[in-house]
Amino acid sequence: MIYLVRYGEIGLKGKNRRFFENRLTENIKKALQGIPGCSIRQLHTRNYVEVPEERAAEALQRLQQVFGIVSLSPVTVAGPDMAAIKDAALAEFSVLARPGLRFKVNTRRANKRFPLASQQVSAEVGAHILRSIPGLKVDVHNPETVLDVEIRDEAVYIYTQRIPGPGGLPVGVSGKGLLLLSGGIDSPVAGWLAMKRGVTLEAVHFYSPPFTSERARDKVIDLCRRLAVFGGPIRLHLVRFTEVQKELQEKTPEKLSVTLMRRMMFRIAEQLSAKRSALALITGESLGQVASQTMESIAVIEQVVSIPVYRPLITYDKQEITELSRSIGTYPISIRPYEDCCTVFLPPHPAIKPRPEAVEEAEKALDIPALVRDCLEKTEELVIDPENGS
Amino acid sequence: MRQIYLDNSATTPVRPEAADAMREVLLSDYGNPSSFHSLGIKAERIIKEARRQLAAACGVNEAEVIFTSGGTEANNLAVKGVARRHRKRGKHLITTRVEHPSVLNAFRALETEGFEVDYLPVDREGLVSPAEVIAALREDTLLVSVMHINNEVGSVMPVAEIGRLLKEKNPQTVFHVDAVQSFGKLPVDPRKWQADLVSISAHKIHGPKGSGALLCREGLLLEPLFHGGDQEQGIRPGTENTAGIAGFAVACRLALRDREENYRKMTGLKKYLAAEIKRQIKDTSVNGPEEGAAHILNVTFAGIKGELLVRFLAEEGIYVSTGSACHSRRPEPSHVLLAMGLSAEEVGASVRFSFSALTGREDIEYTLEKLEPAVAALRRMTGRKK
């Protein structure tokens, strides 16, 4: 089975096009790893991916998760003569034909040495189908099915399906970002959206044993395994955060603990980013969703870092985020009921509009550089491979 | 690090003697007991011998032992097996609100099949009153199911009294006792209890998981849960778990050998731990009756989250548990403690310590040493500031 793989906007990127195309081809190869007998050919701003017939469905499913792919078509390849084209067209139709089906044939002729003009090819192929399968109708204005015939220098491609891909840019073309991954519903979706714009993802998770369960840690690893399906292996930094939590509990006002905790996380994440050459932090924040995500809170939290912070979900509703989370398969992992640091220490009434002066005053009780250093020293690093298949 | 395992009501480590017996079966006596050749006969004999031991241990006939995959299956087979087989005789069933989920959810499933179930309340100590059981009886009551020892708080139900009163008033009503927590600790005596069905399990007495039995009075007909060959008289078809059954028999023999002495020892440990907790840590209370089962101690530590204490103690190598799963996003506080009248907050602050014959005094000392600081730290860190 051969899939014609189209990519959209990366075809437009001028001189960088080669770079983008090569990255996409690489990513497709990686996505198909484990399916023996696949081959990829890059030709005229397209990829032709040949996969073994018996694993075509699985390959398609994997291709549909490769960012940068706009659409895919399973194609029949024919030689440059009308008899072969007609046979192939008929074969395509034999599976979808039903009485009354309205269709049209759409021919593009890039190979100008081909003796017939596009119109003529369409007419002949259409007539052949009508003759061979009784009960069909040609309808050029409002067809139910379009049979595409592309006559190119190297071959003729015939297809009827156009399967949507995920769109976006190939992972790896944009640079590296560090995702703050909590284990909830939002942050994995934010990471997925960043990958969709070509970002290579690393992730940082803050955990506070024994306040948080070892199962919460497993959950974050599983989320990375899921996300890695879309963008390749993910380097996960597990930061032991217990000391910071203890200090915050003991030395700072309860109302501000969430703000202060987030500021500590950002500081540590910024240091990790520098070490790992990441160019941005990525968070799952969504405006107004919880106390730490009001405009005031976000401003006060972001103050402590100079690295750009991307918030792909900032204007999304919970409903929209949940839907995305389901469609990318992180939802069932996210809803596993283990506490993370945010829930164990959540005060009953966190400040919704923390004032910067109050926050800075509260932080005077802490030795921040020492805490950050301590956390970085205790950080564990794992490389998480994608989950198999699915 | 030292390991102190105080979660024996959840499961127990397998005794080396039981593991040895199982290894032998897995590697050498692997024949199918239904086969005609000598390997099959060898396996059949192993099961026969195990059946003889278990029957003797419980004072029943060998034909009354039905091997199952454990307590959950035994409970399901008892509850659903009676209700479905005898539905023509009636549709009323009685149980308590503090049963194990494998009993409670079996009854809930039967409700969807048109049965009517009374879930009887318990008192502050987790005990059901025999008088209430009798009062709930109807002419068409098919089955009464009451556990012997409650797995969360260790209350010991008056099953003998319930059995006697029940059979006086309604001899036709089948009586089932879930004895998974008591087998090997207190005498399990179906005849004395006048129980028609009794569930027991291997992994609570240092035997393997995946092995248990339902003791079923001769002549009582049950609808099987699934269908297959004629193993276990056709009531529980499927190739026998010879290794699991062999391990069960060994564990049973060892548990019963020193049962009384072990029980006395555990009683002492429980009393000591309870007294010291009350003495050393303020705002604590013991759940369940003072004279409850020797191996289960359930304590509420006001102001903490039980789940966090479990993890704090695990860092010190001490393994305990909360009554049942209880977490922040989907709170499912223990149905047992709630039925006993505890508030949701108290339930969330409760932890269960459960002992076995292998628990020693020094384990309790070590636990006490670590417990007070852990509770204090938790109260300080997660408690509300003034």
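**Q** So what's going on with the nonpolar core? Which residues, and what values?
**A** Residues and elements named next belong to chain B. Judged by nonpolar contacts, the single largest core of 49 residues is most densely connected at Phe 67, Phe 175, Phe 183, Val 198, Ile 200 and Phe 248. Per-element accounting of this core gives the leading share, 6 residues, to helix α8 (residues 242–257). Domain assignment of the residues forming this core places at least three in each of domain 1 (4–11 + 258–382) and domain 2 (16–257). Those residues in contact with Ile 200 that lie beyond four places of it in its chain are Leu 54, Gly 70, Gly 71, Ala 179, Val 180, Phe 183, Gly 212, Ala 213, Leu 215 and Phe 248.

**Q** Please set out the domain arrangement of chain B residue by residue, giving values where relevant.
**A** Residues and elements named next belong to chain B. Each domain of chain B was delimited in the assignment, giving domain 1 (4–11 + 258–382) and domain 2 (16–257). One C-alpha centre belongs to domain 1, the other to domain 2, and the line joining them spans 28 Å. Contacts between the two partners involve 31 residues from domain 1 and, on the opposite side, 30 residues from domain 2. Taken over both partners, the interface formed by domain 1 and domain 2 buries close to 2,500 Å², and the fraction arising from carbon and sulfur atoms is 53%.

**Q** A description of the domain arrangement of chain A should follow, citing residues and the corresponding values.
**A** Looking at the assigned domains, one finds that chain A contains domain 1 (2–164) and domain 2 (175–384). Of note, the centres of domain 1 of chain A and domain 2 of chain A, computed from C-alpha atoms alone, are 44 Å apart.

**Q** Residue-level account of a nonpolar patch on the surface, with values.
**A** All names here are of chain A. Together, Leu 130, Val 138 and Val 140 make up a nonpolar patch on the protein surface, roughly 230 Å² of accessible area in all. If you trace the backbone, Leu 130 turns up in helix α4 (residues 118–132). Of the residues examined, Leu 130 reaches a relative accessible area of 34% and is grouped as partly exposed.

**Q** Outline the pattern of salt bridges, listing residues and values.
**A** The final tally for this structure, using the stated rule, is 51 salt bridges over all chains. Among the salt bridges present, the one from B:Glu168 reaches B:Arg164, with a minimum N-O distance of 3.4 Å. One end of the pair, B:Glu168, and the other, B:Arg164, are both in helix α6 (residues 159–169), 4 residues apart, so they sit about a helical turn from each other. In this structure B:Arg164 comes out as partly exposed when scored by relative accessible area, which is 39%. Put simply, B:Asp258 and B:Arg257 hold a salt bridge, and the shortest N to O gap is 3.4 Å. B:Arg257 sits in the exposed class, given a relative accessible area of 54%. If you follow the salt bridges from partner to partner, you end up with A:Arg46, A:Arg108, A:Asp148, A:Glu150 and A:Arg152 in one network.

Basis of the calculations
Residues numbered from 1 in each chain as written. Chains lettered and ligands numbered in written order. Predicted model: local features only at pLDDT ≥ 70, side-chain atom pairs only at ≥ 80, totals over all residues. Heavy atoms only, no water. Core = buried A, V, L, I, M, F, W, Y, C linked by side-chain atoms within 4.5 Å. Buried < 20%, exposed > 50% of the residue type's maximum accessible area, 1.4 Å probe, protein only. Helix = DSSP H or I, 4+ residues; strand = E, 2+ residues; numbered from the N terminus. Domains from an automatic or database assignment. Contact = heavy atoms within 4.5 Å. Buried area = accessible area lost by both parts, 1.4 Å probe. Patch = residues over 30% accessible without salt bridge, like charges linked within 9 Å, V, L, I, M, F, W, Y side chains within 5 Å. Areas by Shrake-Rupley, 256 points an atom, 1.4 Å probe, with all protein chains shown as cover. Salt bridge = Lys/Arg side-chain N within 4 Å of Asp/Glu carboxyl O.

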